[in-house]
Amino acid sequence: SEWLLNKQGRGGQGGAMSSKRPNPNKGPGRSSKVQKVKTERNEGSITLGDVKKLFQRTAGGYVSTTDIMTRFNIPMDKAVNLINKLLKRHRVTLSQSASGEAYYKWVEGDEQNKMKKRQTKMRGLSQEQKMLYEEIEAAGDKGTSVRDLRYKVSSLQQRKINHLLDSLVSKNLIKWVRTIQAKNKKIYMLIDTIPSRQVVGGPWYEEGEFDKDVVDKLFRVAIAQVKKRTAITAKELASIINKSGLLVNKKLEEMDAEFILSALVSDGELEGIYREAKFVSSTNIVKKENTGESLPSKGRDCVYRIKKGGLLKSSFTYIPCCNCPVSEKCGEGQEVNPAECVYFNDW
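Quick notes on the rules
Residues numbered from 1 in each chain as written. Predicted model: local features only at pLDDT ≥ 70, side-chain atom pairs only at ≥ 80, totals over all residues. Heavy atoms only, no water. Helix = DSSP H or I, 4+ residues; strand = E, 2+ residues; numbered from the N terminus. Buried < 20%, exposed > 50% of the residue type's maximum accessible area, 1.4 Å probe, protein only. Contact = heavy atoms within 4.5 Å. Areas by Shrake-Rupley, 256 points an atom, 1.4 Å probe, with all protein chains shown as cover. Pairing = 2+ DSSP bridges. pLDDT = per-residue confidence, 0-100. Salt bridge = Lys/Arg side-chain N within 4 Å of Asp/Glu carboxyl O. Phe/Tyr/Trp six-rings, centres within 6.5 Å; stacked < 30°, edge-to-face > 60°. Lys NZ or Arg CZ within 6 Å of the ring centre and 35° of its normal. Core = buried A, V, L, I, M, F, W, Y, C linked by side-chain atoms within 4.5 Å.

Chemist: Quick question: what am I supposed to make of the overall build of the protein chain here?
Modeler: Secondary structure assignment for the protein chain yields 13 helices and 15 strands. For the protein chain, the proportion of its 347 residues judged to be buried stands at 36%. Expressed as a percentage of contacts within the protein chain between residues at least 6 apart in sequence, the contacts between residues at least 24 apart total 55%. Accessible surface computed for the protein chain: about 21,100 Å², of which carbon and sulfur atoms make up 48%.

Okay, here's the thing in C-alpha cells:
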C-alpha cells in the first residue's frame, strides 16, 4: 500500500515519504536496504491502506483530525500534513459539523474521478467565479437565477454577477435556458446538465414557449409507426423518435410518448389494447371483451393500434383537456391557457 507519512520524520521534507518506493535490487548493500525498508514500514510508516481502514471502521464513515491523531499516535502538524495529502489526491472530502468542526469522508473510485474532473474544470478560475460555479452546481437540473445568486452570494453586486456569469458561459462551463414559468427569465446550470421538466416543460417547448408544430410532427410519426408496425407501446415509440433525430438536443420520455398516443386515442385515431387482450379507452378503464366487466388498468402494459372499435364511449373522450400533454402547465394568465388554446378552440 502507498506510503503517506513516516511518523519518525524520515523520508523527505516535513516527514512525508516519497510515493516511489526504494528498489532493493539496485546498488550495493541490497540486503541491508531491504531490512531498512521493512523496519520503516512495520514501525514508522502510515500507508494509504491504514488510513482507509480507519474510515471504514468509523461510524458513518466520517473522521476528524483528532481521530487521526489518536489512531496513529501522531501530533497535530503531522495529522494536518497527512490530511492535506489526502485532500490533494482526492481521497477524502471536507465537511463541517454544526459546531464548525472539520470532518473528512473517504472517496471511492468513481467519485474520485469526478472530483479530479471538477478540479480540472475550475483550474484558473478566480475565487468569485468559483463561488458562482459552486452555487450553480448545487442547483442541479433545476438551475438558478441571477436573483437567487444575489441572495446566496450577497457579497457580489448584480452587475458583477452578470459579468462573472458571462465569463463562465464563455469558458463553456455553464449555460442558460429559458423557463416555461417566465419565458424572459434566464436559468443557469452546468454545461452538461439536462434541465428538468419543471424548467423547460418537456420536448414540446422551445425557449420557454409551447411549440405546436413539434406536437403535430409527433402525432404524424406516431400514426405512421403504428401503421408500419401494426401496434406499438409508448416505450417503443419514445425509442424510435429519439433515434430518428426529430427532436434536436431533447429526449422524448416514455411518459411523453404516452401523452401523444393517449391524445390520438381521444381523437379517435387509435385504440389502446392491453397485452392480455383487454381494451382501454381514454377514460383509463379496461373492459373485458366478452363480459363487459370494467377493471382498473393501472400497472398493465398497453399497446396502441389503429382504431377498430371496442372502446368505451364517453362524452369526455372528446374534450382535449382530458389528454392534453401540457395540461399541468395550463391556467389563466399562464403561457399555456384556455383562452389561447388551439385545440380547445378547434373543439
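Chemist: What is the right way to look at the pairing of strand β15 (residues 302–306) in this model?
Modeler: Along a regular strand, successive side chains alternate from one face of the sheet to the other. Burial runs high along β15: 4 of the 5 residues are buried. The pairing of strand β10 (residues 231–233) with β15 spans 3 bridges and is antiparallel. Paired with T233 across the strands is V303, a residue of β15. Bridge analysis of strand β11 (residues 270–274) against β15 gives 5 bridges, and the strand direction is antiparallel. By the bridge assignment for β15, I273 is matched with V303.

Chemist: What's the story with the confidence of the model for the protein chain in this structure? I'm lost.
Modeler: In low-pLDDT segments, the atomic positions of the prediction should not be examined closely. Summary statistics for the protein chain give a mean pLDDT of 75 and a share of 73% for residues scoring 70 or more. Predicted confidence for residues 10–21 stays below pLDDT 50, and this span has 26 contacts to residues more than four positions away or in other chains. Confidence over residues 310–315 falls short of pLDDT 50; this stretch has 11 contacts with residues more than four positions distant or in other chains.

Chemist: So what exactly am I meant to see when it comes to the pattern of salt bridges here?
Modeler: For side chains of opposite charge, pairing can occur when their charged atoms come near one another. Scanning the model with the defined rule gives 5 salt bridges in all. With its nearest N and O atoms 2.4 Å apart, the salt bridge here joins E271 to R305. On the criterion of sequence distance, the pair formed by E271 in strand β11 and R305 in strand β15 is long-range, its members being 34 residues apart. Given the relative accessible area of 0%, E271 is considered buried.

Chemist: What's the story with the side chain of Q225 in this structure? I'm lost.
Modeler: The topology assignment puts Q225 in helix α10 (residues 212–229). Beyond its immediate stretch of four places on either side in the chain, Q225 contacts I232, L237 and I240.

Chemist: Looking at this model, I keep getting lost on the packing of aromatic side chains. Mind explaining?
Modeler: Each pair of aromatic rings is reported with the distance of its centres and the angle of its planes. In the structure shown here, the tally under the stated rule is 2 aromatic pairs. On the numbers, 6.0 Å between centres and 70 degrees between planes, the contact of Y205 with F210 is edge-to-face. Accessibility expressed as a relative area gives 3% for Y205, which makes it buried. Take F210: its relative accessible area is 26%, and that puts it in the partly exposed class. For K105, the ring lying beneath its charged end belongs to Y62, and the centroid distance is 4.7 Å. Positioned above the aromatic ring of W176, the side-chain terminus of K186 is 4.3 Å from the ring centre.

Chemist: Would you take a moment to explain the environment of E135 for this structure?
Modeler: Structurally, the position occupied by E135 is in helix α6 (residues 127–139). By relative accessible area, E135 is classed as partly exposed at 24%. Sequence separation between E135 and D148 is 13 residues; the distance between their C-alpha atoms is 9.5 Å.

Chemist: Would you explain unusual backbone geometry in this entry?
Modeler: Comment: phi is negative for the bulk of residues other than glycine, and the bulk of peptide bonds are trans. Its identity as a non-glycine residue notwithstanding, N73 has a phi of 55 degrees, on the positive side. Mapped onto the fold, N73 is located in the loop between α3 (65–72) and α4 (76–88). The exposed category is assigned to N73, whose relative accessible area is 68%.

Chemist: What is the right way to look at the nonpolar core in this model?
Modeler: The tendency in soluble globular proteins is for nonpolar side chains to be buried side by side. Counting residues in hydrophobic clusters, the biggest one holds 30 residues, and the most contacted among them are W204, L252, I260, L261 and L270. Among the secondary structure elements, those contributing two or more residues to this core are α10, α11 (234–244), α12 (254–266), β11 and β15. Sorting elements by how many residues they give to this core places α10 first, with 7 residues. If sequence neighbours within four positions are ignored, I260 has contacts with W204, V215, L218, F219 and A222. L125, Y133, I161 and L173 belong to the second-largest nonpolar core, a separate cluster that totals 17 residues.

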